[in-house]
Amino acid sequence: MAVEKSNTMVDGVEILKPRTDNREYRKIVLKNSLQVLLISDPDTDKCAASMSVSIGSFSDPQGLEGLAHFLEHMLFYASAKYPEEDSYSKYITEHGGSTNAYTSSEETNYHFDINADCFSEALDRFAQFFIKPLMSAEATMREIKAVDSENQKNLLSDGWRMRQLQKHLSKEDHPFHKFSTGNMDTLHVKPQAKGVDTTSELIKFYEEHYSANIMHLVVYGKESLDKIQDLVEGMFQEVQNTNKSIPRFPGQPCTSEHLQILVKAVPIKQGHKLNVSWPVTPSIHRYEEAPCRYLGHLIGHEGEGSLFHALKTLGWATGLSAGEGDWTLDYSFFTVSIELTDAGHEHMQDILGLLFKYIQLLQQTGVCQWIFDELAAICETKFHYQDKTPPMSYIVDIASNMQIFPTRDWLVGLSLPSKFNPATIQKVVDELSPSNARILWESQKFEGQTDKNEPWYNTAYSLEKITSSTIQEWVKSAPDVNLHLPAPNVFIPTDLSLKDAKNKETVPVLLRNSPFSRLWYKPDTNFSKPKAYFKMDFNCPLAVSSPDAAVLTDIFTRLLMDYLNEYAYYAQVAGLHYGVSLSDNGFELTLLGYNHKLRILLETVIEKIANFEVKPDRFAVIKETVTKEYQNYKFRQPYHQAMYYCSLILQDQTWPWTEELEVLSHLEAEDVAKFVPMLLSRTFIECYIAGNVEDNEAESMVKHVEDVLFNDPKPKCRPLFPSQHLTNRVVKLEEGMKYFYHQDGSNPSDENSALVHYIQVHRDDFAMNIKLQLFGLVAKQATFHQLRTVEQLGYITALAQRNDSGIYGVQFIIQSSVKGPGHIDSRVELLLKNFESKLHEMSDEEFKSNVTALIDMKLEKYKNLKEESRFYWQEIQRGTLKFNRKEAEVAALRQLQKQELIDFFEEYIKIGAARKKSLSIRVYGSQHLKEMASDKDEVPSPSVEIEDIVGFRKAQPLHGSFRGCGQPKL
């Protein structure tokens, strides 16, 4: 099909852009051959830049694995022009921005965003990465520890482990085979033993590979294109061009030795998984014909007749995905991943037989033009009506696209299939043959049955060759199920017109209030997209009344999603997303996407709720899935464990996961069947509808829900009694008191420890909020610099705001393999002590600069309907209903004096502050476990040691809930 064009001419070069995109674009090439795309967006509050360097981990020298990734870390340190260590990150953080980078096999991408009025200096600091960075030996040694900490974090992650195993099972002389992260061993110990100086190698790698002619820069600004061009030309001309060519790594990673293999691997977590991958012709060379996109759409489909639907009906699979995975210009893999049930694990051969049977079906039916056209139409609509996203995330992909695609398709990339060529698709179908397959089968059941270990992550595995004839036998013996192509998609929107909202409300209005529900409504006045956002929170008192009720409610929501899947999957494909999930006081329904067919989907979901029945076979699968999820809690990162304990201590009506797991073990299908009518028997529905929907449509939708659930002759739901309206309560910590909770890490194999040091401050109040936020802004970079950069306590180091149902606080989060939680906690305390003098020494100018940065962050406009709706929905859910929050807090900020911030710090945050309330959650990894007893002995007084979380919570007073503040009037 022909794609409707919406192009912008850039110096005689056409760039395809969305019809709804009013930004201006310009391509320029600097004298040093650096290619640049300039983007002007007068409406933006944030500016951003992304530099893609066409060098990645494939270029790591032998014996220095991870050097490209390590260099990515080091460029953040300092430069000749800005020699103060970490000053780049400090400047950006203090002016409302963020920075990041990543290293892939053939690319390293650096990017940042910042408040618009500070962009020029930030861009100049960024440019120095590529002009004259400084890399001292001392800084190098410190940052090797950060890389090692990052790798330590990944060692027990199945995603990282299995990816490296796939790489290990490839040609040793192909760079795909390499370990790319780096660690202490590869970057320090082994090079040092060979007399190799890592700092010198780092500088050599930079000078050899970082050349302007293989870099691509995207700059997103608020000014005109001419002004942005002047900035870029002035700052980036000095990037050296040594006329390098982009390295190519021809040849396939896999020979016949690495194909037709069955690999059994032992994962860390519970669960079984089957990954089948084939080397295929990279789609990138025929990206408009999109062969892998077409095949991924069909093999990964979840509607009736699909492979997944068959496996799900047989009770063998809980998830399936398909598509092109690892790829470069020279090689590519097409991968099918299947999440197996216990029964599915026992039927691996049947599952593979059905997979190849479905591939045979694709070969026999041939390539269907109507399916390609439908897919192209969906992609075209998605491209032209795409939501605006934050500038940094938008440009990172474009910078990567620039090195691969012609200028015309820099914004499009792989997203627009437009040329139907059955031969191209057929060629890839033929490559998905038994003789090309690599099968990776993951299960803890293989423990003790393996004879090999992958060297970098120590993953246990075994390998056997498998013949095409064996797979053909599996195909023949596979169950006889009705596999067929999907039906035409009825959810594709055909009406993309914009409604003329009569009410130009700038904040939500209470449109309807009844004993059954309350409807908040907000028409789209900002985004001009044919989309809607729909939320319904079913407040059911029974849902949170006990661990049993919490588990039963969870299983109910998952069964609903399970029943809806084969029908609603079509909606998802067409850009209408849905979800049923647990909420604080029950469960919630979310619909988001094109508004045209949203009502049809809503009516189906409500009908499923009203006529809910438990199917015993599906209950068994869901129970098994949830059980494994709970069992895998113990493998979470230690800092996630610490954050979980913090929430459990603070939030009333929450239950320990261990109790919920205990409930699960005794649960039967009839328990759910008895529970759900009781769950729904008393409920109140909080609704929010926003976007391209008229007020009468919104009312009509809610009225329909009420009619089905409440107004039936035999109603499923009745309204709540006034005494049943739920509130969210948070533990009130005592002023001047320190609370401690010490706990073993739940995974004995994990060496990492973690600390969450939480300071509870106040109940939602504009004047207090801004002081806490300003403290957070000023202290954030100082925390990162001291604890991560200087002391190298761990890769995960953060200072974050915390808001529990309107109770505000701040938390330090650190994960470390080098120091225990007690030591880390003492370093946080010392940091706060030193911060006091920093605050007193802050100049008036610096204070004003920080206030301005925070004001700019608060006044940042919403990019899309989802972003806007999330803010308003949060206010509704918490009961705070402060829809003017941003403006009110900005007004308070404009009045704030420096002394008020100092007084706030001295009253609530500093060591020994009279009103300070702190809670330290200390999770001990295996190598620090022996420190726990002495740490407990050394806690200062006055303090409280929490031994029993639920007992402690029951004994504590609770903050008042905003949801208990009366009902708003119409």
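Residues numbered from 1 in each chain as written. Predicted model: local features only at pLDDT ≥ 70, side-chain atom pairs only at ≥ 80, totals over all residues. Heavy atoms only, no water.

A. Representation of helix α15 (residues 422-431) in the model. Burial in α15 covers these residues: Thr424, Ile425, Val428, Val429 and Glu431. Each buried residue of α15 sits inside an arc of 160° when the element is viewed along its axis, so together they form one side. Buried positions along α15 lie against β12 (272-279), α9 (291-299), α12 (348-365) and α13 (369-384). (Buried < 20%, exposed > 50% of the residue type's maximum accessible area, 1.4 Å probe, protein only. Helix = DSSP H or I, 4+ residues; strand = E, 2+ residues; numbered from the N terminus. Arc of directions from axis to C-beta. Contact = heavy atoms within 4.5 Å.)

B. Local environment of the domain arrangement of the chain. Structurally, the chain comprises domain 1 (22-237), domain 2 (256-391 + 405-477), domain 3 (511-719) and domain 4 (730-959). Put simply, the middle of domain 1 and the middle of domain 4, counted by C-alpha atoms, are 30 Å apart. Each side of the interface is counted separately: domain 1 has 24 residues, and domain 4 has 27 residues. Counting each side, the surface lost to burial between domain 1 and domain 4 is near 2,200 Å², with a carbon and sulfur contribution of 48%. If you look at where domain 1 meets domain 4, you find three salt bridges. For Glu143, the salt bridge goes to Arg788, with nearest N and O atoms at 3.4 Å. At the junction of domain 1 with domain 4, the criterion picks out 13 residue pairs in polar contact (both at pLDDT 80 or more). Looking at the side of domain 1 that touches domain 4, the elements that each hand over two or more residues are α2 (87-94) and α4 (137-154). Per-element accounting of the side of domain 1 that touches domain 4 gives the leading share, eight residues, to α4. Looking at the side of domain 1 that touches domain 4 residue by residue, the classes come out as three nonpolar, eight polar and 13 charged. (Domains from an automatic or database assignment. Buried area = accessible area lost by both parts, 1.4 Å probe. Salt bridge = Lys/Arg side-chain N within 4 Å of Asp/Glu carboxyl O. Polar contact = N/O pair within 3.5 Å; in protein donor to acceptor, adjacent residues only side chain to side chain. Nonpolar A, V, L, I, M, F, W, Y, C, P; charged D, E, K, R; others polar.)

C. Geometry of the packing of α12 against α15. Packing of α12 against α15 brings their axes to within 10 Å, and their N-to-C directions diverge by 150°. By the angle between their directions, the pair α12 and α15 is classed as roughly antiparallel. For α12 against α15, the interelement crossing comes out left-handed. Where α12 approaches α15, its residues Ile359, Leu362 and Gln363 are matched on the opposing element by Gln426, Val429 and Asp430. Looking at the contact of α12 with α15 residue by residue, the class counts come to three nonpolar, two polar and one charged. (Axes fitted to C-alpha atoms, helices over the stretch in contact; angles between N-to-C directions. Parallel < 35°, antiparallel > 145°, perpendicular 65-115°, else oblique. Left-handed = near helix turned anticlockwise from the far one by under 90°.)

D. Highlighting the state of the cysteines. Scanning the entire structure with this criterion turns up zero disulfides. Of all cysteine sulfurs, the one in Cys379 lies closest to Cys368, which takes part in no disulfide; the gap is 17 Å. Judged by its relative accessible area of 13%, Cys368 falls in the buried class. Cys687 takes part in no disulfide bond, and the closest cysteine sulfur, belonging to Cys717, lies 12 Å away. Relative accessible area serves as the criterion here: at 0%, Cys687 is assigned to the buried category. (Disulfide = S-S within 2.5 Å.)

E. Structural context of the packing of aromatic side chains. Scanning the model with the defined rule gives 48 aromatic pairs in all. With a centroid separation of 5.3 Å and 65° between ring planes, the pair formed by Phe76 and Phe129 is classed as edge-to-face. Of the two residues, Phe76 is situated in the loop between α1 (67-74) and β6 (78-79) and Phe129 in the loop between α3 (119-127) and β9 (133-134); the sequence distance between them amounts to 53 residues. Like Phe129, Phe76 is buried. A ring pair is formed by Trp278 and Phe334, whose centres lie 6.4 Å apart and whose planes are at 50°; its orientation type is tilted. Separated by 56 residues along the polypeptide, Trp278 in strand β12 and Phe334 in strand β14 (residues 332-340) bring together distant segments of the chain. Members of the aromatic cluster, joined through ring pairs, are Phe76, Tyr88, Tyr110, Phe112, Phe119, Phe126, Phe129, Phe130, Tyr206 and Tyr210. Taking NZ or CZ as reference, Lys167 lies 5.4 Å from the ring centre of Phe176, over its face. When the ring centre of Phe871 is taken as reference, the NZ or CZ atom of Lys886 above it lies at 5.5 Å. (Phe/Tyr/Trp six-rings, centres within 6.5 Å; stacked < 30°, edge-to-face > 60°. Lys NZ or Arg CZ within 6 Å of the ring centre and 35° of its normal.)

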